[in-house]
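A look at the structure
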Amino acid sequence: MRTVRFHEYGAPSDVLTLETAPVPEPGPGRIRVAVHACGLAPADWALCRGLFAGELPRGVGCDVAGTVEAVGAGVTDVAVGDLVFGTADYVGQPSAGAADHAVMDHWFAVPEGLDPVQAAALPMALSTAYWHLARLGLTPGRTLLVNGAGTTIGYAAVQIALIRGLRVIATAGETYAARLTDLGATVTPYGDGLVERVKALTDGPVDIVFDTAPANGALPDLVRIAGGDPRRVLTCSDLAGAAELGARDSFHEDPATFTDEERYGHFPEFAKLTADGAFSIPVAGTFPLDQWRTALEISQSGRARGKLLLVPTST
């Protein structure tokens, strides 16, 4: 099969190659699918640079939708021919989702009416947004500020919070401002004067803040927006700023409490909402597998404006 993977750590454009490799076999508790669509994310490029380092070679593309071809020992909830979406086993396999075939470690049925491309856009954005919000507390009636609501994670977070009954203030640029407003969020621009703009939109301090925007020095303002309490601010992007200010960040939340239920238990609900048109992750573009480098360049430009997906031409 064809697969995009790396044999050494470094810049993604330098270490990634499209090559031929054996079709993987699913071990116990795993399944193999013919990949219909694979989502790419900045986390893939971090893996190339050594994040969660492990045995090489490794593949990229954690988000997958495909048709089940084989099931490993102990798997009883799917059968060959089922259409599923979920996450590729990038740790336990020498390839991942950016391939003609992929072994998956978490999977869920694609509901009727949900296109595989839309399904493959869901996993990372949905799981990342949900468990960060769960850490902050998805309490109905609270006011949440999502900084970076135009990112896929931020866009997912806004929708999750609104569905769970929170009031949402979102910072976003022109690309998604109108869509976020239509969803029910109160939208304000990025940049200077953010504290004053948010203050004008609410009667008091914002209860909780989720920062998904690329690190740009906004974290001190986000702490001020949270009433000066850095523990009410959780960032998945500005790790250095969080350490300096005492804010919370993804890598210092207790990993022992990250249960599969918290990460993945809500997938069926939100897949059904997506099929019904009540939830979405914006898709910026799809590319044949052999055009993976074009997708990489768009992703690293910082101007993707949505999820980028590879669609193997052999499926």
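Described below are features of the structure shown in this document. Just so it is clear, the model here is predicted, and its values are computed rather than measured.

**Details of the overall build of the protein**
Regarding its fold elements, the protein presents twelve helices and 15 strands. Scaling as 2.2 N^0.38, a compact globule of 315 residues should have a C-alpha radius of gyration of about 20 Å, and the protein matches this with 19 Å. The principal-axis extent of the C-alpha atoms belonging to the protein is close to 60 × 40 × 35 Å. By the burial criterion, 52% of the 315 residues in the protein qualify as buried. Of all intrachain contacts in the protein linking residues separated by at least 6 positions in sequence, the fraction that spans at least 24 positions is 67%.

**Quick notes on the nonpolar core**
If you look at the biggest cluster of nonpolar residues, it comprises 44 residues, and the most contacted ones within it are Phe85, Leu144, Val158, Ile160 and Phe279. Ignoring anything within four residues of it in the chain, the contact list for Ile160 reads Leu126, Ala129, Tyr130, Leu133, Leu138, Phe270 and Phe279. Within the second largest apolar cluster, 35 residues are counted, among which are Val33, Val35, Cys38 and Trp107.

**Quick word on the packing of aromatic side chains**
Overall, the coordinates contain nine aromatic pairs when judged by the stated rule. Ring plane angle 55° and centroid distance 5.4 Å describe the contact between Tyr155 and Tyr176, whose orientation is recorded as tilted. On the criterion of sequence distance, the pair formed by Tyr155 in helix α5 (residues 152-163) and Tyr176 in helix α6 (residues 174-183) is long-range, its members being 21 residues apart. Each member of the pair, Tyr155 as well as Tyr176, is classed as buried. Seen in terms of ring centroids, Tyr264 and Phe267 are 5.5 Å apart; in terms of plane orientation they differ by 80°. Their pairing is edge-to-face. Note on Tyr264: relative accessible area 14%, which makes it buried. Take Phe267: its relative accessible area is 0%, and that puts it in the buried class. Aromatic rings pair up to connect Phe85, Phe108, Tyr264 and Phe267 into one cluster.

**A word on the sheet that holds strand β10 (residues 186-188)**
Across the sheet, six strands lie side by side as β10-β9-β8-β11-β12-β13; this open sheet has parallel pairing. Whereas interior strands pair on both sides, the edge strands pair on one side only; in this sheet they are β10 and β13 (248-249). Here strand β12 (residues 233-235) runs beside β13; their pairing, made up of two bridges, is parallel. Considered in β13, the bridge of Thr235 is made with Asp249. Here helix α7 (residues 194-201) sits on the sheet in contact with β8 (143-147), β9 (167-171) and β10, set at roughly 160° to β10.

**Quick notes on the sheet that holds strand β2 (residues 16-20)**
With respect to topology, three strands assemble into an open sheet ordered β2-β1-β4, the strand pairing being antiparallel. Across the chains shown, the open sheet's two edge strands, defined by having one partner strand only, are β2 and β4 (58-59). When strand β1 (residues 2-6) meets β2, the two strands line up antiparallel, connected through five bridges. The residue bridging Phe6 from the neighbouring strand is Leu16, located in β2.

Conventions we followed
- Residues numbered from 1 in each chain as written.
- Predicted model: local features only at pLDDT ≥ 70, side-chain atom pairs only at ≥ 80, totals over all residues.
- Heavy atoms only, no water.
- Helix = DSSP H or I, 4+ residues; strand = E, 2+ residues; numbered from the N terminus.
- Rg over C-alpha atoms; globule rule 2.2 N^0.38 Å.
- Buried < 20%, exposed > 50% of the residue type's maximum accessible area, 1.4 Å probe, protein only.
- Contact = heavy atoms within 4.5 Å.
- Core = buried A, V, L, I, M, F, W, Y, C linked by side-chain atoms within 4.5 Å.
- Phe/Tyr/Trp six-rings, centres within 6.5 Å; stacked < 30°, edge-to-face > 60°.
- Pairing = 2+ DSSP bridges.
- Axes fitted to C-alpha atoms, helices over the stretch in contact; angles between N-to-C directions.

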